[in-house]
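# Topology and contacts: notes
The primary structure of each chain is shown beneath.
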Amino acid sequence: MSPDAETYELSRRRAFLATLPFLLLGLADVVLLLEWGLDPLWGFMILPPILFVSVLAWLAFRGGFVRDRTGEPDAGREESAEGEI
């Protein structure tokens, strides 16, 4: 297994662990609404947005929403600075 594959696996696991509390909180909200006696249709109406936002959060954490995806963040800046000197 290449080092990149190991890093990718770790970031997927970390993304899952980061989004798990949000998913569990949303599912607990659905259960709480159903336990209060609301119409079950309301539970099914709010479940898709909870799952959608959880998937978006997982993708954001997995992909690194702060990290530069093209490589080293300052690599281009250093090369251009060396050429100007």
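Only a predicted model underlies this, so the values are computations on that prediction, with no experimental measurement involved.

On to the overall build of the protein. A tally of helices and strands in the protein yields three helices and zero strands. The N-to-C order of helical and strand elements in the protein reads α-α-α. Counting over 85 residues, the protein shows a buried share of 13%. Accessible surface for the protein amounts to roughly 7200 Å². Of this, 66% is attributable to carbon and sulfur atoms.

For helix α2 (residues 40-63), with 24 residues, the first-to-last C-alpha span of 35 Å sits near the 34 Å given by 1.5 Å per residue. Of all the residues in α2, the buried ones are Gly43, Ile50, Ser54 and Gly63. Backbone geometry just after α2 places Gly64 at a positive phi near 80°.

A few words on the environment of Phe61. Checked against the element boundaries, Phe61 lands in helix α2. You can call Phe61 partly exposed: its relative accessible area is 36%. For Phe61 and Phe16, which are 45 residues apart along the polypeptide, the C-alpha to C-alpha distance reads 8.3 Å. Apart from the residues lying within four places of it in its own chain, the contact partners of Phe61 are Ala15, Ala18 and Thr19.

In this fold, Trp58 is placed in helix α2. Note on Trp58: relative accessible area 25%, which makes it partly exposed. Placed 38 residues apart in sequence, Trp58 and Leu20 show a C-alpha to C-alpha distance of 8.9 Å.

Position of Ser54 among the secondary structure elements: in helix α2. Overall, Ser54 belongs to the buried group, its relative accessible area being 11%. There is a polar contact of 2.9 Å between the side chain of Ser54 and the backbone oxygen of Ile50. Not counting residues within four places of it along the chain, the set of residues in contact with Ser54 comprises Thr19 and Leu23.

Turning to the confidence of the model for the protein, a few remarks are in order. On average, residues of the protein score 77 in pLDDT, and 65% of them reach the 70 mark or higher. Mean pLDDT across the secondary structure elements of the protein bottoms out at helix α3 (residues 75-84), with 54, and peaks at α2, with 89.

Procedures and definitions
Residues numbered from 1 in each chain as written. Predicted model: local features only at pLDDT ≥ 70, side-chain atom pairs only at ≥ 80, totals over all residues. Heavy atoms only, no water. Helix = DSSP H or I, 4+ residues; strand = E, 2+ residues; numbered from the N terminus. Buried < 20%, exposed > 50% of the residue type's maximum accessible area, 1.4 Å probe, protein only. Areas by Shrake-Rupley, 256 points an atom, 1.4 Å probe, with all protein chains shown as cover. Expected span 1.5 Å × (residues − 1). Contact = heavy atoms within 4.5 Å. Polar contact = N/O pair within 3.5 Å; in protein donor to acceptor, adjacent residues only side chain to side chain. pLDDT = per-residue confidence, 0-100.

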